[in-house]
Amino acid sequence: MKSIAILIAAVSVLCIAATTADAKDIKKQQQFMDTIVGKKLVSGGSWLVVAADGTIQGETAKKGKIKGAWVWNKRYFCRNVFIGTNQLPEDCQKVTIDGNQVTFTRDKGKGEAVPMTISN
């Protein structure tokens, strides 16, 4: 019984490692433009579009409007966003992609990770 538990734990660790190994950092603006810009990004009932003209638009699950602006700074997606009339703190985020899953990690990769799905 003990060896089965160890085997299950080992397989779980390998699966997690394989999953994260497939994720690739987006380090260049052109890569971000080609992969993310202009596509609808969905998380739960919320969605947004990061546009080539430097704007961000979308809607939260509670029907709050998302509006803002973005720039690429070195290897980070930096955004300034309002949800309704509430301004979120400016933030530069690390971006990773794995298939149609994109993850924005706040505070230059040191903060909370927000996974989103690229919708067709």
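Undergrad: What's the story with the overall build of the protein in this structure? I'm lost.
TA: When you go through the protein residue by residue, the secondary structure sums to three helices and ten strands. When its helices and strands are written in sequence order, the protein yields α-β-α-β-β-β-β-β-β-β-β-α-β. For the protein, the proportion of contacts with a sequence separation of at least 24, taken over those separated by at least 6, is 28%. Of the roughly 7,900 Å² of accessible surface on the protein, a fraction of 58% belongs to carbon and sulfur atoms.

Undergrad: Any chance you could explain the pairing of strand β5 (residues 65–73) here in plain terms?
TA: On any regular strand, side chains alternate: one points to one face of the sheet, the next to the other face. Direction of pairing for strand β4 (residues 55–59) relative to β5: antiparallel, over a ladder of five bridges. Residue pairing in the sheet places Gly 58 in a bridge with Ile 66 of β5. In this antiparallel pair of consecutive strands, β4 and β5, the connection spans five residues, and Lys 63 shows a positive phi of 70 degrees. Here β5 runs beside strand β6 (residues 76–83); their pairing, made up of eight bridges, is antiparallel. In the strand pairing of β6, Trp 70 is matched with Arg 79.

Undergrad: Help me out: how do you make sense of the state of the cysteines in this one?
TA: Cysteine pairs can be linked by a disulfide, which is a covalent bond between their two sulfur atoms. Inspection of every chain in the model, using the stated rule, returns one disulfide. Note that Cys 78 is cross-linked by a disulfide to Cys 92, the S-S spacing being 2.0 Å. Here the S-S torsion is close to 110 degrees, and the disulfide linking Cys 78 with Cys 92 is therefore right-handed. With a gap of 14 residues between them, Cys 78 in strand β6 and Cys 92 in strand β8 (residues 91–98) connect regions that are remote in the sequence.

Undergrad: Can you help me understand the side chain of Thr 103 in this one?
TA: With respect to the element layout, Thr 103 can be found in strand β9 (residues 101–105). Judged by its relative accessible area of 19%, Thr 103 is buried. If we ignore the near neighbours within four places in the chain, the residues touching Thr 103 are Lys 94, Val 95, Thr 96, Ala 113, Val 114 and Pro 115.

Undergrad: Would you explain unusual backbone geometry in this entry?
TA: Residues apart from glycine generally show negative phi values, whereas peptide bonds are mostly found in trans. Of note, Lys 63 is a non-glycine position whose phi angle comes to about 70 degrees, a positive value. Along the chain, the position of Lys 63 falls in the loop between β4 and β5. Overall, Lys 63 belongs to the exposed group, its relative accessible area being 60%. In this structure, Asp 107 is a non-glycine residue whose phi angle is positive, near 50 degrees.

Undergrad: Even after reading the chapter, I still don't get the packing of aromatic side chains, so can you show me in this structure?
TA: Remark: the centre distance and the inter-plane angle together describe each pair of aromatic rings, the angle taken between the planes. Tallied over the full model, the rule gives five aromatic pairs. Relative to Phe 77, the ring of Trp 70 has its centre 6.0 Å away and its plane inclined at 35 degrees; by these criteria the two rings are tilted. The residues Trp 70 and Phe 77 share a single accessibility class, namely buried. Chaining the aromatic ring pairs together yields one cluster made of Phe 32, Trp 70, Trp 72, Phe 77 and Phe 104. The side chain of Lys 40 reaches across the aromatic face of Trp 47, ending 4.9 Å from its centre.

Criteria and cut-off values
- Residues numbered from 1 in each chain as written.
- Predicted model: local features only at pLDDT ≥ 70, side-chain atom pairs only at ≥ 80, totals over all residues.
- Heavy atoms only, no water.
- Helix = DSSP H or I, 4+ residues; strand = E, 2+ residues; numbered from the N terminus.
- Contact = heavy atoms within 4.5 Å.
- Areas by Shrake-Rupley, 256 points an atom, 1.4 Å probe, with all protein chains shown as cover.
- Pairing = 2+ DSSP bridges.
- Disulfide = S-S within 2.5 Å.
- Buried < 20%, exposed > 50% of the residue type's maximum accessible area, 1.4 Å probe, protein only.
- Phe/Tyr/Trp six-rings, centres within 6.5 Å; stacked < 30°, edge-to-face > 60°.
- Lys NZ or Arg CZ within 6 Å of the ring centre and 35° of its normal.

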